[in-house]
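# Fold and contact review
Each chain, letter by letter, is given below.
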Amino acid sequence: MYHTIVALVEDKPGVLNRVASLFRRRAFNIESLTVGHTESPGVSRMTIVVDSDDQNVERLTSYLYKLVNVIQVEDLTVLPKVTRDLAMIKVSATAENRTHIMQTVDVFRARIVDVTNSSFIIEITGDEDKIEGFVDVLRPLGIIEMVRTGIVAMARGTSPLYVNGNGNGVHA
Amino acid sequence: MKLTGAQILWETLVREGVDVVFGYPGGANLPIYDAMLDYPVRHVLTRHEQGAAHMADGYARASGKVGVAMATSGPGATNLVTGIATAMMDSSPTVFITGQVASKLIGFDAFQETDVTGITLPITKHNYLVTHTEEIGPVLREAFYIARTGRPGPVLVDIAKDAQQHSLEWTYDDKPIKMRGYRPDLRPTSRQIEQALEMISAAKRPLILAGRGVLLSGAMNELRQFAETANVPVAMTLLGISCFPATHPLNLGMMGMHGEAWVNQAIQEADLLLAFGMRFDDRVTGNLKTYAVNAKKIHIEIDPAEVNKNVPVDLALVGDLRDTLRQILAQMQPVSHIDWLSQIARSKGDSAVRDIQNLPPDDHLYAAHVINDLWHTTSGDAMIVTDVGQHQMWTAQYYKQDNPNMWITSGGLGTMGFGLPAAIGAKLARPEADVGAVAGDGGFQMTAAELSTAAQENVKVNVAVMNNGFLGMVRQWQEFFYERRYAATPMRSPDFVKLAEAHGLTGLRVTQRGEVVSAIQQARQTDGTVVIDFRVEQEDSVYPMVPSGADLHNMIRRPMPNPIAETAEDEI
Ligand SMILES: Cc1ncc(C[n+]2csc(CCOP(=O)(O)OP(=O)(O)O)c2C)c(N)n1
């Protein structure tokens, strides 16, 4: 089952390597990993999607906490949340299919961000399903190139990722 | 005061209480070595950086303080790797300081440049690459703090040469260390303590599994009080040995692959396992599917990542073992478990004619007898440091260690070559201790060059080489599981007596049991390091044995043609 894990980490050189190396060493497969800045300076946020069972994900969480630069880890899998992925898709655009493509873009609420005589770059944001649906529709029209950012996720509601530390026990 | 990075390093080390470092110089750490001469720190020049790493580890294990080793960049640093991994697996508080090429050369494959932080990432608790002089002080303070707090472990600090050389205005910063992501201070909730008390009082057949965490948290008295109050027998892991007196009536002995049958049997029959600072290593559990299926499990452990890793537990108390046991003890009622204790005594009685007494009464010298005699001759008071192999298991079985932190061995990584250098480090940490290294002929030769270090530094350790002409433990596996096809295990060795003498040290040879005691006595009375070459039985095996991955209760026992009567001398 896919788990969506969010980790707040110190923004220091080598931290991404430490996290990635941990997944490799403990034999977890990363489906998607994104990193970016957060509201607090010096703190980066990673969203990591792994295919693993609940028990192993619990292990993974405590392994992540062993890394000195990891501040907080939450498994958002079962929480109400918003997940987003962004894709840029370059499709070949001929005189015949241009209108058709533009209509499809509208239906999916995507955007055309670059236009040439023979191609479009289309940008789409959404959850995985939406993007996959869109790609399926475009595929017969001729996808030249595609890139996706990977997933970012945030739990719904007012509260931030609460800073309580490790899942086991409490702090002195 | 204007100081160079190298001077700041020593200023910081001295303030961390470092009195001895082990190491080897080279181009990339020359500034550190040059500055060293002005500081009150003893430097032990080893013959290989691996030796320095094991010495720092041995020093840490014997003293409880942080052990420090240093090396130059490139090959110096890579030579440390085995020692760092050894310290990591056994949670040994150590700091490794390596020189790195100048910061502007990093990434250009400069002479003797190696990505040391990359290489050691998975075998350190944490590591740092320092490229600016002003980082040296704070990073080293953090390194010592991380190495000794929480679950201890090795921390490596790689310092670029230019950062060692530059000067800056410096004063010592003694503010408490704050790290956002590092929380070594977990503790269980009072509800969890109550649950533990309930489970303990409900148990009919409780058993304590004591690991190295007992020693690391200094919970020896609390463990003893717990065991005595609730009348719970104690089984120890290989690394837990010495955390509970071997001669205590509630001590069962070592568990696991080469544990005595009654110990493993008791684990399988227990209805409550109290795992104290141990991590259910596969050498301890055997087949996980059949491991202690009748028992509820309480795990008291400082590292949350060890909880539910190998064995799912019913209750986990994450926190410092000593503090946690104190909280439990404050509310624990005395209980007796007469039936359970006599049940164990009965199964122990069945095998009371022990392995050691079953050895054929020929003229051969058996390693188990040597260890037994070593224990008698030293009144059980020596600090014993082992290498890895059969002799290690025999020493664990037959040297009945009563005193905490007097037993040092490479458990998690099983590093051959560990024994002699770790013993040298341990002796420097505890000069008053009678330190003996026990090694096989194979492992001894991996780091035998450190005899030269012992001679130069005038460090006295006694080295007992159990010379069986084989890589014994591997030969044993070949005998049991590979139809005695002895591929690459027979080993021809140099004359160890002459080897010792070549170093200006004393060498002794023992070929018969009657000579064992006098040789040990002579070694202890001789100044300087002594090597005793014990020519032991070549094809002897360690019993009992749970084959790797087999059920804990299914052990291979010593074939018994005609059991010999127990002799008083061999009794505990
Ligand atoms: C560095 C290293 N290499 C290989 C091994 C695998 N190994 C484990 S025990 C052993 C044999 C040790 O032989 P020896 O040192 O003579 O001791 P004995 O078992 O005979 O007591 C070997 C090769 C190891 N543990 N460490």
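Residues numbered from 1 in each chain as written. Chains lettered and ligands numbered in written order. Predicted model: local features only at pLDDT ≥ 70, side-chain atom pairs only at ≥ 80, totals over all residues. Heavy atoms only, no water.

## A look at the overall build of chain B
Regarding its fold elements, chain B presents 22 helices and 21 strands. Computed over the C-alpha atoms, the radius of gyration of chain B is 24 Å, within 12% of the 25 Å expected from 2.2 N^0.38 for a compact globule of 572 residues. In chain B, the 48 positive side-chain charges and the 64 negative ones have mean positions that sit 3 Å from each other. (Helix = DSSP H or I, 4+ residues; strand = E, 2+ residues; numbered from the N terminus. Rg over C-alpha atoms; globule rule 2.2 N^0.38 Å. Lys, Arg positive; Asp, Glu negative; His and termini not counted. Charge placed at Lys NZ, Arg CZ, Asp CG, Glu CD.)

## Details of the pairing of strand β7 (residues 119-126) of chain A
Residues and elements named next belong to chain A. Most of β7 sits out of view: seven of its eight residues are buried. Pairing between strand β5 (residues 81-92) and β7: eight bridges, direction antiparallel. The residue of β7 that forms the bridge with Lys 90 is Ile 121. Here strand β6 (residues 111-115) runs beside β7; their pairing, made up of four bridges, is antiparallel. Residue Ile 112 lies in a different strand from β7, and its bridge partner there is Ile 122. Between the end of β6 and the start of β7, which pair antiparallel, lie three residues. (Buried < 20%, exposed > 50% of the residue type's maximum accessible area, 1.4 Å probe, protein only. Pairing = 2+ DSSP bridges.)

## Remarks on the packing of aromatic side chains
The description of an aromatic ring pair rests on the distance of the ring centres and on the angle between the ring planes. Residues and elements named next belong to chain B. The final tally for this structure, using the stated rule, is 12 aromatic pairs over all chains. One Lys or Arg, Arg 15, reaches over the ring of Tyr 172 and ends 4.6 Å from the middle of that ring. Of note, Arg 475 hangs over the ring of Phe 470, and the distance from its end group to the ring centre comes to 5.8 Å. (Phe/Tyr/Trp six-rings, centres within 6.5 Å; stacked < 30°, edge-to-face > 60°. Lys NZ or Arg CZ within 6 Å of the ring centre and 35° of its normal.)

## Comments concerning the interface of chain B and chain A
In this assembly, 22 residues from chain B lie in contact with 23 residues from chain A. Regarding the contact of chain B and chain A, the summed buried area is about 2,200 Å², with carbon and sulfur atoms giving 54% of it. Among the residues chain B hides against chain A, the three largest losses belong to Leu121(B), Arg180(B) and Arg187(B). Together they make up 25% of the total. At the surface where chain B touches chain A, the tally comes to one salt bridge. Our count for the chain B to chain A interface comes out at two residue pairs in polar contact (both at pLDDT 80 or more). Of all the secondary structure elements, the ones that give two or more residues to the side of chain B that touches chain A are β6 (126-130) and β9 (186-187) of chain B. Considered class by class, the residues forming the side of chain B that touches chain A number nine nonpolar, five polar and eight charged. (Contact = heavy atoms within 4.5 Å. Buried area = accessible area lost by both parts, 1.4 Å probe. Salt bridge = Lys/Arg side-chain N within 4 Å of Asp/Glu carboxyl O. Polar contact = N/O pair within 3.5 Å; in protein donor to acceptor, adjacent residues only side chain to side chain. Nonpolar A, V, L, I, M, F, W, Y, C, P; charged D, E, K, R; others polar.)

## Quick look at the confidence of the model for chain B
Residues and elements named next belong to chain B. Residues at a pLDDT of 70 or more form 96% of chain B, whose mean pLDDT is 94. Counting contacts from residues 562-572, a segment whose pLDDT is below 50, to residues more than four positions away or on other chains yields 23 contacts. As scored by the predictor, the complex reaches a pTM of 0.95 and an ipTM of 0.89. (pLDDT = per-residue confidence, 0-100.)

## Structural notes on the sheet that holds strand β11 (residues 234-236) of chain B
All names here are of chain B. With parallel pairing, the six strands of this open sheet are ordered in space as β12-β11-β10-β13-β14-β15. Two strands in the sheet have a free side with no partner beyond their single neighbour: β12 (251-254) and β15 (315-318). Put simply, the sheet's adjacent strands are angled 15 degrees from each other on average, direction ignored. When strand β10 (residues 206-210) meets strand β13 (residues 272-276), the two strands line up parallel, connected through five bridges. Opposite Ala 210, over in β13, you have Phe 276 as the bridge partner. Strand contacts of helix α8 (residues 190-202): β13, β14 (296-301) and β15, with the helix running at about 135 degrees to β15, the strand carrying the most contacts. (Axes fitted to C-alpha atoms, helices over the stretch in contact; angles between N-to-C directions.)

## As for the site of the ligand
All names here are of chain B. Residues in contact with the ligand amount to 17 residues; listed here are only the nearest, Gln 390, His 391, Gly 414, Gly 443 and Gly 472. A distance of 3.0 Å is found between an oxygen atom of the ligand and a backbone nitrogen or oxygen belonging to Gly 442. Phe 470 is positioned with one of its backbone polar atoms (N or O) 3.1 Å from an oxygen atom of the ligand. Contact with the protein chains covers 77% of the free accessible surface of the ligand, which is 590 Å². Where the shell around the ligand is concerned, the elements lending two or more residues are α16 (390-398), α18 (441-446) and α20 (472-481). At four residues, the largest contribution of residues to the shell around the ligand is made by α18. Looking at the shell around the ligand residue by residue, the classes come out as seven nonpolar, nine polar and one charged. (Near = heavy atom within 4 Å. Areas by Shrake-Rupley, 256 points an atom, 1.4 Å probe, with all protein chains shown as cover.)

## Considerations on the pattern of salt bridges
Counting across every chain of the model gives 32 salt bridges over all chains. Here Arg148(A) ties to Glu128(A) by a salt bridge, and the two come within 3.1 Å at their closest N and O atoms. Taken together, the residues Arg148(A) in strand β8 (residues 143-148) and Glu128(A) in helix α4 (residues 128-142) connect sequence positions 20 residues apart. Given the relative accessible area of 27%, Arg148(A) is considered partly exposed. For Glu128(A), a relative accessible area of 34% gives the class partly exposed. With a shortest N-O distance of 3.6 Å, Arg484(B) and Glu479(B) are connected by a salt bridge. When its relative accessible area of 49% is taken as the criterion, Arg484(B) is described as partly exposed. Looking at Glu479(B), the relative accessible area reads 16%, which means it is buried. One salt-bridge network, in which partners are shared between bridges, spans Lys66(A), Arg151(B), Asp303(B), Glu306(B) and Lys309(B).

## Here's the deal with the domain arrangement of chain B
All names here are of chain B. As assigned here, chain B comprises domain 1 (2-169), domain 2 (190-350) and domain 3 (353-541). Tallying the contact residues gives nine residues for domain 1 and seven residues for domain 2. Buried area between domain 1 and domain 2, both sides added, is near 650 Å², and the carbon and sulfur share of it is 52%. Where domain 1 meets domain 2, there are two salt bridges. The partner of Asp 303 in a salt bridge is Arg 151, and the shortest N-O contact between them spans 2.9 Å. Remark: the boundary between domain 1 and domain 2 carries four residue pairs in polar contact (both at pLDDT 80 or more). Looking at the side of domain 1 that touches domain 2 residue by residue, the classes come out as three nonpolar, three polar and three charged. (Domains from an automatic or database assignment.)

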